[in-house]
Amino acid sequence: MTRAQFWGWARLVGGGAVLVVLVWRLGSGPFLTGLRGVDATALTTAFVIGVVTTVACAYRWALVARGLGVTLPLREAVGAYYRAQFLNTTLPGGVVGDVHRAVRHGKDIGDVKLGVRAVVVERMAGFVVTIALSVITLAVFPSPVRQHMPMAVAALAVLGLVAWLVKGRMRIRTGLFSARTGIGVVVTTAAVLAGHLITFLVAARTAGATAPLTLLAPLTLLALLAMALPCNIAGWGPREGVAAWAFGAAGLTSEQGVSTAVVFGVLALVASLPGAVVLVVRWADGRRAAEKPVMLEHEPVHRQPEYSHG
């Protein structure tokens, strides 16, 4: 077994272990309650919000790609991002879709390394901005981690300084660090984070949580951040574990936290369903292209016989 295979299995086992512990401690009730609570209103809301967040993510990707010298039309970026989200929410690991998006884009532009770099930079930029916005939100609203926020702010400042120093040493196109790209990344990431947060709040209400939004917002934000941990099964595992802990620590019930996370998982899957359509369309196009007869470059030309007159 290679190192990559080992860590791949370790991530799956870690996510599965969290779910097993939750079922052992809380039973299957919170999971079933969450599934039963999903209704048409929540699904429609999540789908509409998913359109906004997906377009914002795709635009962020196009901005970063442009900074690296690659033209990426927004329409293509939206389709590829939907496809990546669907794969991320249906396949183990939670990153298969992003890997596919990076490699596919690299092949389309004839430079796989550049395609992978664009996706990695886009995801990292979004992650850094998300962490910064999350720290600010958790420092403002009451939450179980509010007392640790000064330390988090200090760590974030150090990371910002390191990033600024690295920026000056990196041999990379200057367009990537332009004001337009930076502002665009911050704005689009803020829109994505807000969309996910609203969806999680909808999930909380759907699961029966009646606590004030000022209390629920930081709790759901902690669960969202847990999804970035590289040990999950298609997004499941750490999200439910952190939601159970956060809701319990805030004076609510761990069962309600798990139910909320389960509802969010269902809503996220429904919001990503256009990605399945993109997959089917691309598969059909590829199959038609493979079945299309190809003209040989040196195919003999049939000429009409020449007749002599006389």
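Thresholds, definitions, all that
- Residues numbered from 1 in each chain as written.
- Predicted model: local features only at pLDDT ≥ 70, side-chain atom pairs only at ≥ 80, totals over all residues.
- Heavy atoms only, no water.
- Salt bridge = Lys/Arg side-chain N within 4 Å of Asp/Glu carboxyl O.
- Helix = DSSP H or I, 4+ residues; strand = E, 2+ residues; numbered from the N terminus.
- Buried < 20%, exposed > 50% of the residue type's maximum accessible area, 1.4 Å probe, protein only.
- Core = buried A, V, L, I, M, F, W, Y, C linked by side-chain atoms within 4.5 Å.
- Contact = heavy atoms within 4.5 Å.
- Axes fitted to C-alpha atoms, helices over the stretch in contact; angles between N-to-C directions.
- Left-handed = near helix turned anticlockwise from the far one by under 90°.
- Nonpolar A, V, L, I, M, F, W, Y, C, P; charged D, E, K, R; others polar.
- UniProt positions renumbered as here; feature names shortened; annotations may be inferred.
- Patch = residues over 30% accessible without salt bridge, like charges linked within 9 Å, V, L, I, M, F, W, Y side chains within 5 Å.
- Areas by Shrake-Rupley, 256 points an atom, 1.4 Å probe, with all protein chains shown as cover.
- pLDDT = per-residue confidence, 0-100.
- Phe/Tyr/Trp six-rings, centres within 6.5 Å; stacked < 30°, edge-to-face > 60°.
- Lys NZ or Arg CZ within 6 Å of the ring centre and 35° of its normal.

Trainee: An account of the pattern of salt bridges is needed here, citing residue identities and associated values.
Mentor: As enumerated under the stated definition, the model contains six salt bridges in all. The closest approach of N and O atoms between Asp98 and Arg101, which form a salt bridge, is 2.9 Å. Taken together, the positions of Asp98 and Arg101, both in helix H5 (residues 96–109) and three residues apart, correspond to about one turn of that helix. Between Arg104 and Asp108 there is a salt bridge, and its shortest N-O distance comes to 3.9 Å. Residue Arg104 and its partner Asp108 are located together in helix H5, separated by four residues, close to a single helical turn. On the accessibility criterion, Arg104 (28% relative accessible area) is partly exposed.

Trainee: Can you explain the environment of Leu68? Please cite residues and give values.
Mentor: Topologically, Leu68 is positioned in the loop between helix H3 (40–67) and helix H4 (74–90). Put simply, Leu68 and Leu114 are 46 residues apart on the chain and 8.1 Å apart in space, counted from C-alpha to C-alpha.

Trainee: Outline the nonpolar core, listing residues and values.
Mentor: With 25 residues, the main nonpolar core has Phe200, Leu216 and Leu267 as its most contacted residues. Elements with a minimum of two residues in this core: H3, helix H8 (179–206), helix H9 (213–226), helix H10 (238–249) and helix H11 (254–271). Ignoring anything within four residues of it in the chain, the contact list for Leu216 reads Leu201, Ala204, Arg205, Ala209, Ala211, Phe247 and Leu252. Grouped together as the second largest cluster of nonpolar side chains are 22 residues, Ala80, Ala102, Val129 and Val185 included.

Trainee: So what about the packing of H3 against H4? Which residues, and what values?
Mentor: Direction vectors running N to C along H3 and H4 enclose 115°, while the axes themselves pass 8 Å from each other. The element H3 and its partner H4 pack so that their crossing is right-handed. Facing Gly50, Val51, Thr54, Val55, Cys57, Ala58, Tyr59, Arg60 and Trp61 of H3, the residues of H4 in contact are Leu74, Ala77, Val78, Ala80, Tyr81, Tyr82 and Gln85. The class makeup of the residues in the contact of H3 with H4 is twelve nonpolar, three polar and one charged.

Trainee: Mind laying out the environment of Lys113, listing which residues take part and the relevant values?
Mentor: Tracing the sequence through the fold places Lys113 in helix H6 (residues 112–140). Considered as a pair, Lys113 and Ala102 are eleven residues apart in the sequence and their alpha carbons are 8.7 Å apart.

Trainee: Requested: an account of the UniProt feature "transmembrane region" (unreviewed entry) in the protein, with residues and values cited.
Mentor: The feature "transmembrane region" (unreviewed entry), as annotated in UniProt, sits at residues 6–26, 38–62, 124–141, 148–166, 181–203, 215–237 and 257–281 in this numbering. Its end C-alpha atoms 26 Å apart, residues 124–141 is made of 94% helix and 0% strand.

Trainee: Describe in detail a nonpolar patch on the surface, supporting the description with residues and values.
Mentor: Taken together, the side chains of Phe47, Val48, Val51, Val55, Tyr59 and Leu74 make up a nonpolar region of the molecular surface, amounting to roughly 450 Å² of accessible area. For the nonpolar patch, the element with the most residues is H3, which contributes five residues. Tracing the chain through its elements places Val48 in helix H3.

Trainee: Quick rundown of the environment of Thr181? Include the residues and the values.
Mentor: With respect to the element layout, Thr181 can be found in helix H8. Classification of Thr181 by relative accessible area gives buried; the value is 8%. Distance in space between the C-alpha atoms of Thr181 and Arg66 is 8.8 Å, their sequence separation being 115 residues.

Trainee: Which residues make up the side chain of Ser259, and what are the values?
Mentor: Locating Ser259 in the fold gives a position in helix H11. Among residues more than four places away in sequence, those in contact with Ser259 are Pro30, Thr33, Gly34 and Ala207.

Trainee: Please set out the confidence of the model for the protein residue by residue, giving values where relevant.
Mentor: When pLDDT is averaged along the protein, the result is 80, and 78% of the positions lie at 70 or above. Of all secondary-structure elements in the protein, the lowest mean pLDDT belongs to helix H7 (residues 149–169), at 56, while H3 reaches the highest, 94. Segment residues 170–174: pLDDT under 50, and five contacts once partners within four positions in sequence are set aside and those in other chains are kept. Every residue in residues 301–310 is under pLDDT 50, and counting partners more than four places away or in other chains gives zero contacts.

Trainee: Please set out the packing of aromatic side chains residue by residue, giving values where relevant.
Mentor: Scanning the entire structure with this criterion turns up two aromatic pairs. Where Trp61 meets Tyr81, the ring centres are 6.2 Å apart and the plane angle is 70°; that geometry is what we call edge-to-face. With Trp61 in helix H3 and Tyr81 in helix H4, the pair connects residues that are 20 residues apart, well separated along the chain. Judged by its relative accessible area of 1%, Trp61 falls in the buried class. Pairing Phe200 with Phe264 gives two aromatic rings, centres 4.4 Å apart and planes at 15°, and the pair type is stacked. In this pair, Phe200 sits in helix H8 while Phe264 sits in helix H11, placing the two residues 64 residues apart along the sequence. For the pair shown, Phe200 and Phe264 are each scored as buried. For the cation-ring pair, Arg101 lies above Trp61, with the distance from its terminal atom to the ring centre recorded as 4.6 Å. The ring of Tyr81 is capped by Arg101, whose NZ or CZ atom sits 4.1 Å from the centre of that ring.

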